[in-house]
Amino acid sequence: MNTFEEINVKGFADEYIDPTLDLFAEIDKLKKEKNAVILAHYYQEGDIQDIADYIGDSLGLSQQAAKTDADIIVFAGVHFMAETAKILSPDKKVLLPDLKAGCSLADSCPPHLFRKFKEQYPDHLVITYVNCTAELKALSDIVCTSSNAVQIVESLPKDQKIIFGPDRNLGAWVAKKTGRDLVLWNGACMVHEIFSREKITKLKERHPDAKILAHPECEEVILELADYIGSTTGILKYATNSPAKEFIVATESGIMHQMEKDNPDKVFIPAPPNNLCACNDCPHMKRNTLEKLYLCLKNEMPEVEVPAHIIKEAVKPIERMLEISAKLGL
Ligand code: 13P
Ligand code: SF4
């Protein structure tokens, strides 16, 4: 077994695993023994989604983390998601299969710089997208996700001045949808900014009946092409409910697993990116593997910790989001 220090340096346990082991059965056994729950984001690899107790978007995952009665939460997602679970359930052990599963969007908003930015707008309310560090949440008034950002802004008085961070694309989309003038932090997600408008347009010419589905973290030039814009859960529901048979999907590739499982008769085409490797994978999300998930549950490491003084402040804007969402039936 790796030591705590070794895991902290590498981000994950690198023990040798018996290749004949049925990891699905072992994880299931450990889960029962330890009263653990596995929460997975749609961007996780297919095997992880298949073993999870709950798969969802960021809002659904936060709601699950707030209400679970498990002793251990294994968060198959990225660091800010596990932090959010810890903030909502501070007495539970929160495990992340790979401690280095970060997020380019969260990294694009260092809290010490955001604090200075915020000081320039003392009469503004701060809404932050959940894809940010716990420290940033502690500087916020309300947290939101891609599935409730529009409704949260609309729940505030029309003359309320608002700073929105860290995602400039989601912020610009929310500003357009609500007609509000938001002050935006200039952050972005490396995966959602990679799609090529030119290549998507050409693809659409070859598949004229395909619906284009996009996540609001994409740039405006991509969102302009979309038939539907929404969170991962929204995209999945739209594809399931639509009579269309073909879809061009402009978000991280992990979502395709569930889309294909739920709709075996439909065709899902990943939107082409500008990068040369031609993939829409989030390198952070994809650091987690079934093997790392098994080892983290077995060793109960790596564990995500959030300092008590940060939890005290960060829980308020998250709870505010959950309250508004519950009131709106989201
Ligand atoms: P949602 O699943 O909430 O749409 O979030 C997308 C995302 O980029 C998570 O990292
Ligand atoms: Fe962060 Fe983008 Fe990866 Fe989501 S897809 S975890 S926003 S880098």
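Given the structure is predicted, the values throughout are model-derived calculations rather than measurements.

1. Here's the deal with the site of ligand 1
Neighbouring residues of ligand 1: 14 residues in total, closest His41, Ser146, His215, Glu217 and Thr232. Between Asn131 and ligand 1, the recorded distance is 3.3 Å, taken from a side-chain N or O atom to an oxygen atom. Protein coverage of the free-state accessible area of ligand 1, which is 310 Å², stands at 96%. Grouping the amino acids of the shell around ligand 1 by side-chain chemistry returns 4 nonpolar, 8 polar and 2 charged.

2. Regarding the packing of aromatic side chains
Taken as a whole and assessed by the stated rule, the structure comprises 6 aromatic pairs. Judged by centre distance (5.5 Å) and plane angle (65°), the ring pair of Phe117 and Tyr121 falls under edge-to-face. With a relative accessible area of 25%, Tyr121 lands in the partly exposed category. Considering the side-chain rings of Phe117 and Trp185, the 5.1 Å spacing of their centres and the 85° angle between planes classify their relative orientation as edge-to-face. Of this pair, Phe117 sits in helix H7 (residues 111–119) while Trp185 sits in the loop between strand S8 (182–184) and helix H11 (197–206), and the two are 68 residues apart along the sequence. Judged by relative accessible area, which is 11%, Trp185 ranks as buried.

3. Let's talk about the layout of surface pockets
It is the rolling of a water-molecule-sized probe over the atoms that shows where space remains empty. Of the pockets and cavities examined, the largest pocket occupies roughly 270 Å³. Here the residues of the lining of the largest pocket sort into 5 nonpolar, 8 polar and 3 charged.

4. What to know about the environment of Val304
Along the chain, Val304 turns up in the loop between helix H15 (290–299) and helix H16 (308–327). For Val304, a relative accessible area of 1% puts it in the buried group. The spatial distance from the C-alpha of Val304 to the C-alpha of Thr84 is 10.0 Å, given a sequence separation of 220 residues. In contact with Val304, not counting residues within four places along its chain, are His79, Ala82, Glu83, Lys86, Val94, Leu96 and Leu99.

5. A few points about the sheet that holds strand S3 (residues 72–76)
Strand order in the open sheet formed by 4 strands is S2-S1-S3-S4, with parallel pairing between adjacent strands. The strands lining the two open edges of the sheet, one partner per strand, are strand S2 (54–56) and strand S4 (93–95). The average angle at which neighbouring strand axes cross in this sheet is 20°, direction not considered. Of the strand pairs in this sheet, S3 and S4 are connected by 3 bridges, and their pairing is parallel.

6. A few points about the UniProt feature "binding site: iminosuccinate" (unreviewed entry) in the protein chain
Summarizing the sequence annotation, UniProt attributes the feature "binding site: iminosuccinate" (unreviewed entry) to His41, Ser58, Tyr129, Val130, Asn131, Ser146, His215, Pro216, Glu217 and Thr232 in the numbering used throughout. Checking the named residues against the largest cavity, the ones that line it are His41, Ser58, Tyr129, Val130, Asn131, Ser146, His215, Glu217 and Thr232. Residue position: Asn131 is located in the loop between strand S5 (125–129) and helix H8 (134–137). Inspection of the secondary structure puts Glu217 in the loop between strand S9 (211–214) and helix H12 (220–223).

7. A few points about the side chain of Glu217
Although Glu217 is buried, it makes no salt bridge; Arg168 carries the closest opposite charge, 11 Å away. In terms of polar contacts, Glu217 uses its side chain to reach the side chain of His192, at 3.0 Å. Excluding its chain neighbours within four sequence positions, the residues that come into contact with Glu217 are Leu105, Tyr129, Asn131, Asp167, Asn169, Cys189 and His192.

8. Description of the pairing of strand S11 (residues 246–250)
The buried fraction of S11 is high, at 4 of 5 residues. Note: S9 against S11, 4 bridges, orientation parallel. Paired with Lys211 across the two strands is Phe247, which belongs to S11. In the sheet, S11 pairs with strand S12 (residues 267–270) via 4 bridges, with the strands oriented parallel. In the sheet register, Phe247 faces S12, and the bridge partner there is Phe268. Of the crossover connections in this fold, the one passing from S11 over helix H14 (residues 255–262) to the parallel S12 is right-handed.

Thresholds applied
Residues numbered from 1 in each chain as written. Chains lettered and ligands numbered in written order. Predicted model: local features only at pLDDT ≥ 70, side-chain atom pairs only at ≥ 80, totals over all residues. Heavy atoms only, no water. Near = heavy atom within 4 Å. Polar contact = N/O pair within 3.5 Å; in protein donor to acceptor, adjacent residues only side chain to side chain. Areas by Shrake-Rupley, 256 points an atom, 1.4 Å probe, with all protein chains shown as cover. Nonpolar A, V, L, I, M, F, W, Y, C, P; charged D, E, K, R; others polar. Phe/Tyr/Trp six-rings, centres within 6.5 Å; stacked < 30°, edge-to-face > 60°. Buried < 20%, exposed > 50% of the residue type's maximum accessible area, 1.4 Å probe, protein only. Helix = DSSP H or I, 4+ residues; strand = E, 2+ residues; numbered from the N terminus. 1 Å grid on protein atoms, 1.4 Å probe; cavity = no way out; pocket = protein on both sides within 12 Å on 5 of 7 lines; lining within 4 Å. Points joined across faces, edges and corners; volume = space filled by probe spheres on them. Contact = heavy atoms within 4.5 Å. Pairing = 2+ DSSP bridges. Axes fitted to C-alpha atoms, helices over the stretch in contact; angles between N-to-C directions. UniProt positions renumbered as here; feature names shortened; annotations may be inferred. Lys, Arg positive; Asp, Glu negative; His and termini not counted. Salt bridge = Lys/Arg side-chain N within 4 Å of Asp/Glu carboxyl O. Right-handed = clockwise from strand over helix to strand, strands pointing away.

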